[in-house]
Each structure stands twice: as structure tokens, then as C-alpha cells.
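# Descriptive structure summary
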Amino acid sequence: MSQPSLLQRLLTKVKTSRMLVAGIWSLGGSLAGQVVRFGANLLLTRLLAPEAFGTAALVTSVVVGAEMVSDVGLAPAVISSSRADDPVFLRTAWTLKVVRGLVLTVILVTISYPLSLWFKEPMLNGLLIASAISAGIRGTNHICEYTLWRRLEQRTLSILWFSTATCGTLTAIALAYWLHSAWALILGNAVTEVVQVACTHYVGRDLRMKLQWEKETIRGLRAFGRWIFASSLLSYFVGQGDRVLLGSLLSMDQLGRYSLASNLGGLIPSFVSPLYGSILLPLFAQHSEGTTPELLKKLTRSRSVILLMLLPPLCVMAAFGDVIVSLLWDARYHEAGWMVQVFSVGQLLAVLGNIGPIYLARNETWISMVLEASKAIVLFGGVMIGYHLRGVPGVIVAVALSVGVAYPLWIWISRRYGVWLARLDAMALAGSGTLIALLFLLKHTLFGGS
């Protein structure tokens, strides 16, 4: 009997490895979503002025801030819980999610008018109220979003997220053609939330959600989430606080260009980021008792693939970001070009040592707080120094490069759990530096260094 070919063996491995299949679907869904968002952005920037994106970015930052301040770590708690198949546990977690959504709505509605006065932008009042309602709707999503993630059923999740995001994106484009204001972006997001609630309850129809409150579950979720709350608050200041800060320093059109650059610089990492939750978190959960040779082998393989997907395109963006912006966007957005280059360098440093959320699988959620606190300290210290030395450009450079502080912290985390892959990190760092140098040489040859 003949031996199976290499291709047949690879196909068999793909079909039998749930983790590999989940990773493929996760990446496929993320890629499809990024393509849709990127294409929509190209259309929307032709229909909307930069100040519309600046206003929407400010609204998003406020909403994300409220969400992260109220984060109790429900998603990782459900994914890592041994009771993830218990209806009582799941319904209690869903009830907590609904309550959190209602609280968010009240908070956002309350602060909408004062913030519109603070930023001297009357439109913020109505936009924040609309976003507050969206936040309340999002809180009623079926808990199956978390259980599907735990079971590595990324196919269902990817189709679900892509379908709902597409509906919202098409709505935003149609409204932008009609309204020509930030309302198009906010209402498009609201449509996404409504469609997602309906779809998640259809997908999770085998377990009907209803309000339930079990004290044991609440105690467990509260114990798990006490450090998540603090780290989420700090993560907000690192990831979104820059827009709130710059909203007081920049005009809305300048903030719009900054937001475009930030989103474009983070486009590649956001494409691969689902792998950290869909692949690495379940991998660490399977080896939650300690580090084994099998875990190191799987982690090396997984991180090698992730770095190969991340680093080369980030190097391209670091060298050619300004050229890409000048080719794809009109003159109103060209100032974002150099910002894209700086953001790409910062993202490159941030992903080099990232081993994924192993501390969540080991129930040491306090480490996430240390990670985010360090980033926040460097961010705001850098902003103060950057503004003093170079004004607004100095602030933007400080914000973009502050995420690089994560690299030494990831080394500390990796060594703590015995999973530091020093050789892989060194190769990735040397390879990235060499590739960026070669790309800048190519750019100088093609465009005269422009």
C-alpha cells in the first residue's frame, strides 16, 4: 500500500487539528473584516471630511473608556471556567453583562452634554447618546460568543462577526453619502450592534438566555475580574486615552488624520490579534498546571507563524507608510503619512515579545494590570516630554512609540512562566531591523527618499 503524499498528510493534519482549523478560520474572518473595513475607509474618506472622523474618534474613545472602566473580565472568565457548560453559570454571566450594558448607557447619557461643552463640540451630545444606546444593546448579546470561543468554533464566530460588521459598514457608507457627517459612522455602528444581537441569539438558541443570579457565580466572576478592572482602566488610557487628550489639543480635522494614521498603523496587528485569544489562550488553558516541553514546542510553532505574518508587513508600513497614504487618500489626509510610519514602528516593538495571555490561564490576572500600568506611565510621561520638546508632533511620536515598552515587560512575563523564546525574539528583532533598512534603501532608490 502506497504512503500518503505530503499534501495528503498536511490536509489530514488540518482536518484533525481543532486548534489549527480554529486558527485558519480566525485569520480568514479577520482578513475578510480588515478588507471590508479598509475598502470602506477608502470610500468614507472621499465622502466625509477629516473632522467627521475626528469627532467619531472622540466619541469612540469616550465609549470605549466607559466600557473598559466597567470591564469585569467576563470573556476570559467564561472561556477559562470549568463551568462553561453549566446553564446557571452562563445565564448568570449573561445577566451581569446585561446589567453592565444598562449602567454604561446611563453613564454615557449623563456625561454626554458636559463633554460636548468641554470639547466645544455641540454634536458630541447627540452622538454620545446614540452610542450609549448602542452600548446597552451590545450588552444583550448572547453568551454563546464566549462559549464558541472556548470550544474553538471559530468558523461560526468568524461568519457571525463578518456578517454583522458588513451590515454596519454598508449602512455607514449609505448614510455618509446622504448625511456627510459623523452621524453616518455612529449610526452604522448602531446597526452593527442590533444585527449582532439578533444573530447571536439565533446561533445560541439551544440555550435561551434569561435573567438569573447565582451568588456563587457572581463571587467567582468578581474574584477573577478584580485585577481585570484595574488593567482595563489602564489599558484604556494606553489605547484610547490619547484621542481624548489630543481632542483638547488638536482641531477635529487634525484629530481625524491622527485617527486614520493610528488605525492604519494598527491594521496588521489587529488582523492577527484574534489568534492570541482563539489559539494561544486555549493552548495555555490546556497546560494551566505548568510549562511542559509540549507547551514550549507548540508555543514556538504558534509564535513563529504569528511573527512571520506580522513583522514583514509592519516593516513595509514603517518604510512606505507615507507613500501608501499619498497614493490612496486625497491631499486632505496626506499629513497622516509620517504618523503611519511612526505607529508601525511602535506596533512592531509591541508584538516582538508578545506570548499571549498565559497569565489569564494561570489565574494571575494582576499581571495584566502591571503590564498596562507600565504602558500608561511611559505614555503620559512621554506625552509631557514630547509636547514640551516638539509640541503636537512630539506628542504623536510619544504616543506611537510608547507601546514599545511592552517588549521588556513581555520578557519578564515569559521568564516568569518559563516560556521565554530568546532565540526566536533575537532572530525576529535582527530580521526586522535588516528588512526596514533594505526597504528604506529601496524607497530612496524609487522615490528619492520622499
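In what follows, the accompanying structure is described. In this text, all values refer to a predicted model and were calculated from it rather than measured experimentally.

### Considering the overall build of the protein chain
Of regular secondary structure, the protein chain possesses 21 helices and zero strands. Out of the 450 residues in the protein chain, the part that is buried amounts to 51%. Once local pairs closer than 6 in sequence are excluded, the contacts in the protein chain between residues at least 24 apart make up 83%. Taken as a whole, the protein chain presents about 20900 Å² of accessible surface, with 68% of it coming from carbon and sulfur.

### Thoughts on the pattern of salt bridges
Taken as a whole, this structure holds six salt bridges when the rule is applied. Lys 443 is the salt-bridge partner of Asp 322, the closest N and O atoms lying 3.0 Å from each other. Residue Asp 322 is found in helix α15 (residues 293-328), and its partner Lys 443 is found in helix α21 (residues 422-447); the two are separated by 121 residues along the sequence. This pair shows no difference in class: Asp 322 is buried, exactly as Lys 443 is.

### Considerations on unusual backbone geometry
Glycine aside, residues mostly have negative phi, and peptide bonds are mostly found in the trans state. For Lys 120, which is not glycine, the phi torsion reads 55° and is therefore positive. For Lys 120, the position within the fold is in the loop between α5 (87-118) and α6 (123-138). The class of Lys 120 is exposed, set by a relative accessible area of 72%. Even without a glycine there, the phi angle at His 180 is positive, about 55°. With respect to the helices and strands, the residue His 180 is situated in the loop between α8 (154-179) and α9 (183-203). The class for His 180 is partly exposed, based on a relative accessible area of 49%.

### Describing a nonpolar patch on the surface
A cluster of nonpolar side chains, contributed by Val 99, Val 103, Ile 107 and Trp 213, occupies part of the molecular surface with about 360 Å² of accessible area. Examined against the element boundaries, Val 99 turns out to sit in helix α5. Judged by its relative accessible area of 38%, Val 99 is partly exposed.

### Focus on the state of the cysteines
For the coordinates displayed, the defined rule picks out zero disulfides. The thiol of Cys 167 is unpaired, and the distance to the nearest cysteine sulfur, on Cys 199, comes to 7.2 Å. Judged by its relative accessible area of 33%, Cys 167 is partly exposed.

### A few points about the packing of helix α18 (residues 366-390) against helix α20 (residues 406-416)
Running from N to C, α18 and α20 cross one another at 160°; their axes reach a closest spacing of 10 Å. With respect to α20, the element α18 is oriented roughly antiparallel. Here the hand of the crossing between α18 and α20 comes out right-handed. Residues Trp 366, Ile 367, Val 370, Leu 371, Ser 374 and Lys 375 of α18 form the contact with α20, whose own contacting residues are Ala 406, Leu 409, Trp 410, Trp 412, Ile 413 and Arg 416. Its residues assigned to classes, the contact of α18 with α20 shows nine nonpolar, one polar and two charged.

### A word on empty space enclosed by the protein
Enumeration over the complete set of coordinates arrives at two cavities of 30 Å³ or more. Looking at the second largest cavity, its volume works out to about 40 Å³. As for the second largest cavity, its lining consists of Asn 41, Thr 45, Phe 53, Gly 256, Ser 259, Leu 260, Asn 263 and Tyr 333. For the lining of the second largest cavity, the secondary-structure elements that each account for two or more residues are α2 (18-47) and α12 (252-265). With four residues, α12 is the largest single contributor of residues to the lining of the second largest cavity. Considering only residue class, the lining of the second largest cavity consists of three nonpolar, five polar and no charged.

About the criteria used
- Throughout this document, residue positions are counted from 1 along each chain, in the order its sequence is written.
- Selection of residues for local features in this predicted model requires a pLDDT of at least 70, selection of side-chain atom pairs for listing and counting requires 80 or more, and totals for whole chains, interfaces and linings are taken over all residues.
- Working from all heavy atoms in the structure, the side-chain values ignore hydrogens and water.
- Labels follow the DSSP assignment, with helices taken as runs of H or I lasting at least four residues and strands as runs of E lasting at least two, numbered in each case from the N terminus.
- Think of it in three bands: with a 1.4 Å probe and only protein chains considered, a residue is buried below 20% of the maximum accessible area for its type, exposed above 50%, and partly exposed in between.
- Any pair of residues with heavy atoms lying within 4.5 Å of one another is described as a contacting pair.
- Here the open area of atoms and residues is found with the Shrake-Rupley method and a 1.4 Å probe, where only the protein chains shown may cover a residue.
- We define a salt bridge as a contact between a side-chain nitrogen of Lys or Arg and a carboxyl oxygen of Asp or Glu at a distance within 4 Å.
- Each patch is built from residues that are more than 30% exposed by relative accessible area and take part in no salt bridge. Like charges join if they lie within 9 Å; nonpolar side chains (Val, Leu, Ile, Met, Phe, Trp, Tyr) join within 5 Å.
- Cysteine sulfur pairs qualify as disulfides if the two atoms are within 2.5 Å.
- Axes here refer to lines fitted to C-alpha atoms; in helices the fit is confined to the stretch in contact. Angles between the N-to-C directions go from 0 to 180 degrees.
- Here roughly perpendicular refers to angles of 65 to 115 degrees, roughly parallel to angles under 35, roughly antiparallel to angles over 145, and oblique to all remaining angles.
- Crossing chirality is assigned from the near helix's rotation relative to the far helix, an anticlockwise turn below a right angle marking it left-handed and a clockwise turn marking it right-handed.
- Classification used: nonpolar for Ala, Val, Leu, Ile, Met, Phe, Trp, Tyr, Cys and Pro, charged for Asp, Glu, Lys and Arg, polar for all others including Gly.
- A cavity, in this analysis, means grid points on a 1 Å lattice covering only the protein atoms where a 1.4 Å probe fits yet has no way out; a pocket is instead an open set bounded by protein on both sides within 12 Å along at least five of seven lines, and a residue lines either one if it has an atom within 4 Å of a point.
- Grid points are joined across faces, edges and corners, and a volume is the space filled by probe spheres set on the points.

Everything listed is a geometric property; what it means functionally is a separate question.
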